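Listed below are the residues making up each chain.
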Amino acid sequence: MFKRLVESGRTDLSIDIFEKNNKLGAGMPYSEDGACYEHITNVSGNEIPDIVTPIAEWIKTLPQDTLNRFKLDANAFNDYKVLPRLLFGQYLTAQFKLLQQQAKDLGMVVTVHYNTRVINITDKPALNKVLVEGDNEKEYLYDQVIICTGHNWPVKHEGKVAGYFDSPYPPSKLAFEADHAVAIRGSSLTAIDAIRTLARRNGSFTKSEAGLVSYALNEGSPDFRMVMHSRNGLLPAVRFHLEDSHLLKDSVLSKEEIEANRAQNDGFLSLDYVFDQNFKSKIADGDPEFYEQIKDMKIEDFVPFVMELREKLDAFQLLKAEYAEAEKSIKRKQSVYWKEILAVLSFAMNYPAKYLSAEDMQRLQKVLMPLISVVIAFVPQSSAQELLALHNAGVLELVTVGDDSEVTPLTTGGANYCYTDEKGEQHETYYTTFVDSIGQPHFPFEKFPYRGLLDHRTISPAVLKFQDEESAKQAQEKDPAKVRTDEAGNYYLQVPGIAINDNFQVIDAYGALNPRIYIMAVPYIGGYNPDYSGLDFSEAASALIIKSLVTKEDDILLV
Ligand SMILES: Cc1cc2nc3c(=O)[nH]c(=O)nc-3n(C[C@H](O)[C@H](O)[C@H](O)COP(=O)(O)OP(=O)(O)OC[C@H]3O[C@@H](n4cnc5c(N)ncnc54)[C@H](O)[C@@H]3O)c2cc1C
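Fair warning: this is a prediction, and the values are worked out from it, not measured in the lab. (Residues numbered from 1 in each chain as written. Predicted model: local features only at pLDDT ≥ 70, side-chain atom pairs only at ≥ 80, totals over all residues. Heavy atoms only, no water.)

Undergrad: Sorry, what's going on with the pairing of strand β23 (residues 513-519) here?
TA: For a regular strand, side-chain orientation follows a simple rule: the groups alternate between the two sheet faces. Most of β23 sits inside the fold, with 5 of its 7 residues counted as buried. For strand β8 (residues 144-147) and β23, the ladder comprises 3 bridges, and the chain directions are parallel. When the bridges of β23 are listed, V145 appears paired with I517. As paired strands, strand β22 (residues 505-507) and β23 are joined by 2 bridges and run antiparallel to one another. By the bridge assignment, I507 is partnered in β23 with L513. (Buried < 20%, exposed > 50% of the residue type's maximum accessible area, 1.4 Å probe, protein only. Helix = DSSP H or I, 4+ residues; strand = E, 2+ residues; numbered from the N terminus. Pairing = 2+ DSSP bridges.)

Given below as structure tokens:
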């Protein structure tokens, strides 16, 4: 967002940035808040949106001791490699500095409030301003505010229940000796973060000359092992070569295409139309053979078709096979096309999701998202190697727990994990250590952190209208809290987070957009923005925000 502001050419803007920590750029995943040395990005340099200096170039400017600390050879580094996350954080901080210098050269006034947490925001429509309160007991007035507060990992039991962790972040807290079985809820990237740290503290990895990774336990942790618990018993798919490193970002549906489809469909964007346009038609061009197999499928046919193999094979066996497939793909620079296009679909779905009917959103959440979350996690090669090494050493297993498993924290420490397995057998297992690793939660409307916006109804819950009254009534019967009606008798499904428009402006309780307040903090807009967002999201969202902003002459605040 800051880059967009600097590049806007609007030298009359003055910008204040509030950052609760002491550095800019690194954010949560790429600083000590979200990473240790062993944690890596799941994207390579060439997949990262341009900032100022390309990563491969920046790496060459690093002092030798930094390279040594990250075990990097500057000459062997190229833009196809993933990076240690802490190093990527350093890169982002350095890029932020360059942008600050550019702003200064342009004569833009930029003030950074380090170590200042914004604790409340209140809209002041009569003044045409927004009031911001910092934890430094100061208040500030701005013409516009852009909320970019990113990740939030709520703490519920951690600190009160010994051995219970509400998330693996910051991961340094998991660097302890655990001579027992550790329960991990989740089996995707967040779980891998926990695993990489715990594994290193209780054993070590070695790589043979042939490149085979193996794992051995430390003498002090002979009984250490980790048990991942997953609803469907699946591991995420491995990173492969992407034909388009920016995932055909230009091929998302245009405003006109969305409007034309809505006009034919009672005002709703049809999920089947998006699946046809952003997935099937692209497969037809790129992989005609695969297209022949899926051309008549709806998402309800397609998902079981591609999941069948995953569900039949043992998850680690499949990981091994996928690792080999990905190696081939990277060596030959050949994509696994349908997986790549599924990532395009997920990205493309994000922006028009607010125009789906409630019924289509339910299909998206229930049918398509579980597949997308598995396929587009893009597990880096070294993580896949470590998971396989741990499994081969008998230290890592995965159990399927279905949809209604329960974890009960115990006041005496640890937690009980209760679930019913695939054969219908019930299990209750006690774990001394439990790490919740299911990923960034999407917060409900009520959990929005700035009371000033909630209490004055400046923001409203994200809802989607039902297309069909009968299906609305059925949904209401199943979960009354999630379905609401209006005076005209329309039914709405409440989805996570707050309502926003296409420019990421908040929408009030009367449906009016707020011209002063923008939000791109993903945990609070998950209903209208269901993609597993990464750096590509920040690039796309900031492009829309700047377009809407640059026409105005105002002071701007970035939180
Ligand atoms: C563990 C992890 C790994 C990831 N890895 C990748 C990856 O490899 N590739 C990828 O594309 N995406 C990845 N992602 C997705 C990630 O969402 C984005 O890459 C990106 O970091 C999001 O940036 P952000 O600025 O929105 O949020 P954040 O990085 O969370 O930054 C938010 C900033 O706001 C500050 N802040 C928060 N609250 C306040 C407040 N009240 N007042 C003042 N300051 C505040 C924080 O200190 C922080 O600096 C990862 C996500 C996680 C959680």
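Undergrad: Which parts of the structure should I look at to understand the side chain of D166?
TA: Assignment of secondary structure puts D166 in the loop between β9 (164-165) and β10 (181-185). Polar contacts involving the side chain of D166 include one to the main-chain amide nitrogen of H157, which spans 2.8 Å. Beyond its immediate sequence surroundings of up to four residues, D166 is in contact with P154, V155, K156, H157, E158 and D436. (Polar contact = N/O pair within 3.5 Å; in protein donor to acceptor, adjacent residues only side chain to side chain. Contact = heavy atoms within 4.5 Å.)

Undergrad: So what exactly am I meant to see when it comes to the site of the ligand here?
TA: Taken together, 27 residues are adjacent to the ligand, and E19, Y30, N42, V118 and H151 come closest. A distance of 2.6 Å separates an oxygen atom of the ligand from a polar atom in the side chain of E19. Between an oxygen atom of the ligand and a main-chain N or O atom of L535, the distance comes to 3.0 Å. Here the ligand, which alone exposes 990 Å², has 84% of that area covered by the protein. Sorting elements by how many residues they give to the shell around the ligand places strand β2 (residues 40-44) first, with 3 residues. Among the residues forming the shell around the ligand, the class breakdown is 12 nonpolar, 10 polar and 5 charged. (Near = heavy atom within 4 Å. Areas by Shrake-Rupley, 256 points an atom, 1.4 Å probe, with all protein chains shown as cover. Nonpolar A, V, L, I, M, F, W, Y, C, P; charged D, E, K, R; others polar.)

Undergrad: How should the packing of helix α11 (residues 337-350) against helix α12 (residues 358-375) be read in this particular structure?
TA: To describe two helices that pack against each other, one gives the angle between their axes and the distance between the axes. Closest axis-to-axis distance for the α11/α12 pair is 10 Å, and the angle between their directions is 125 degrees. By the angle class used here, α11 and α12 are oblique. The two elements α11 and α12 meet at a crossing, and its hand is left-handed. Where α11 abuts α12, its residues W338, K339, L342, L345, S346 and M349 lie against L364, L368, L371, I372 and V375. By residue class, the composition of the contact of α11 with α12 is 9 nonpolar, 1 polar and 1 charged. (Axes fitted to C-alpha atoms, helices over the stretch in contact; angles between N-to-C directions. Parallel < 35°, antiparallel > 145°, perpendicular 65-115°, else oblique. Left-handed = near helix turned anticlockwise from the far one by under 90°.)

Undergrad: Would you mind going over the packing of helix α5 (residues 189-202) against helix α13 (residues 381-392) with me for this structure?
TA: Relative orientation of the contacting elements α5 and α13 amounts to 60 degrees, with a least axis distance of 11 Å. In terms of orientation, α5 and α13 fall into the oblique class. In this structure, α5 crosses over α13, and the sense of that crossing is left-handed. Along its contact with α5, which presents I192, I195, R196, A199 and R200, the element α13 presents S382, S383, E386, L387 and L390. Broken down by class, the residue content of the contact of α5 with α13 amounts to 5 nonpolar, 2 polar and 3 charged.

Undergrad: Hey, could you run me through the pattern of salt bridges in this one?
TA: Note on pairing: side chains with opposite charge can pair once their charged atoms come close. Considering all chains together, one arrives at 27 salt bridges under this definition. The shortest N-O distance in the salt bridge between K295 and E292 comes to 2.9 Å. For the salt bridge of D502 with K354, the shortest nitrogen-to-oxygen distance reads 2.9 Å. Taken together, the positions of D502 in the loop between β21 (491-498) and β22 and K354 in the loop between α11 and α12 put the pair 148 residues apart, joining distant regions of the chain. You can call D502 partly exposed: its relative accessible area is 24%. K354 gets classed as buried once you look at its relative accessible area, which sits at 14%. (Salt bridge = Lys/Arg side-chain N within 4 Å of Asp/Glu carboxyl O.)

Undergrad: So what exactly am I meant to see when it comes to the packing of aromatic side chains here?
TA: Geometrically, a pair of aromatic rings is defined through the distance of the ring centres and the angle of the planes. Tallying each qualifying case throughout the model produces 28 aromatic pairs. Aromatic pair F18 and Y142: ring centres 6.4 Å apart, planes at 90 degrees, arrangement edge-to-face. Pair noted here: F18 is in strand β1 (residues 14-18) and Y142 is in strand β7 (residues 139-142), with a separation of 124 residues, a long-range link. With respect to class, F18 is no different from Y142; both count as buried. Through pairs of rings, three or more aromatic residues link up here, namely F275, F279, F290, F302, F305 and W338. Here K333 stacks its cationic end above the ring of Y80, 4.8 Å away from the centre of that ring. (Phe/Tyr/Trp six-rings, centres within 6.5 Å; stacked < 30°, edge-to-face > 60°. Lys NZ or Arg CZ within 6 Å of the ring centre and 35° of its normal.)

Undergrad: Just checking my understanding: could you explain the sheet that holds strand β18 (residues 433-436) for this structure?
TA: What links the strands of a sheet is backbone hydrogen bonding, and the strands pair in either a parallel or an antiparallel sense. Here 5 strands make up an open sheet; going across it, the order is β9-β18-β10-β13-β14 and the pairing parallel. Only two strands of the sheet have a single partner each, and these edge strands are β9 and β14 (396-400). As defined by bridge partners, β10 adjoins strand β13 (residues 225-230) across 5 bridges and the pair is classed as parallel. Pairing of R185 across the sheet is with H229, part of β13.

Undergrad: Help me understand the nonpolar core, please; the structure alone is not making it clear to me.
TA: Side chains of nonpolar character tend, in soluble globular proteins, to be buried together. Counting residues in hydrophobic clusters, the biggest one holds 137 residues, and the most contacted among them are I147, M226, F279, F302, W338, F448 and I519. In this structure, F302 is in contact with F275, F279, F290, I294, M297, W338, L342 and L371, ignoring residues within four places of it in sequence. (Core = buried A, V, L, I, M, F, W, Y, C linked by side-chain atoms within 4.5 Å.)

Undergrad: Can you help me understand the sheet that holds β21 in this one?
TA: Strand order across the open sheet formed by 3 strands is β19-β21-β20, with antiparallel pairing between neighbours. What marks the edges here is a single partner per strand, and that holds for β19 (461-465) and β20 (483-485). Strand after strand, the sheet turns through a mean of 45 degrees between neighbouring axes, direction not considered. The pairing of β20 with β21 spans 3 bridges and is classified as antiparallel. Within β21, the position partnered with V483 by the bridge is L493. Lying on the sheet, α12 is in contact with β19 and β21; it crosses β21 at an angle near 50 degrees. Along the sheet, helix α15 (residues 469-478) contacts β20 and β21; its crossing angle with β21, the most-contacted strand, is approximately 60 degrees.

Undergrad: Help me understand the environment of V213 in this model?
TA: For V213, the position within the fold is in strand β12 (residues 213-217). Taking C-alpha positions, V213 is 54 Å from T122, a pair spaced 91 residues apart along the chain. Setting aside chain neighbours within four positions, we find V213 in contact with F205, T206, K207, Q385 and A389.

Undergrad: Sorry, what's going on with α11 here?
TA: Side chains that are three or four residues apart share a direction in an α-helix, a result of its 3.6 residues per turn. Along its 14 residues, α11 runs 20 Å from first to last C-alpha, staying within 8% of the 20 Å computed at 1.5 Å per residue. Within α11, 14 of the 14 residues are buried, which leaves it mostly tucked inside the rest of the structure. (Expected span 1.5 Å × (residues − 1).)

Purely geometric stuff here, so don't read any function into it on its own.
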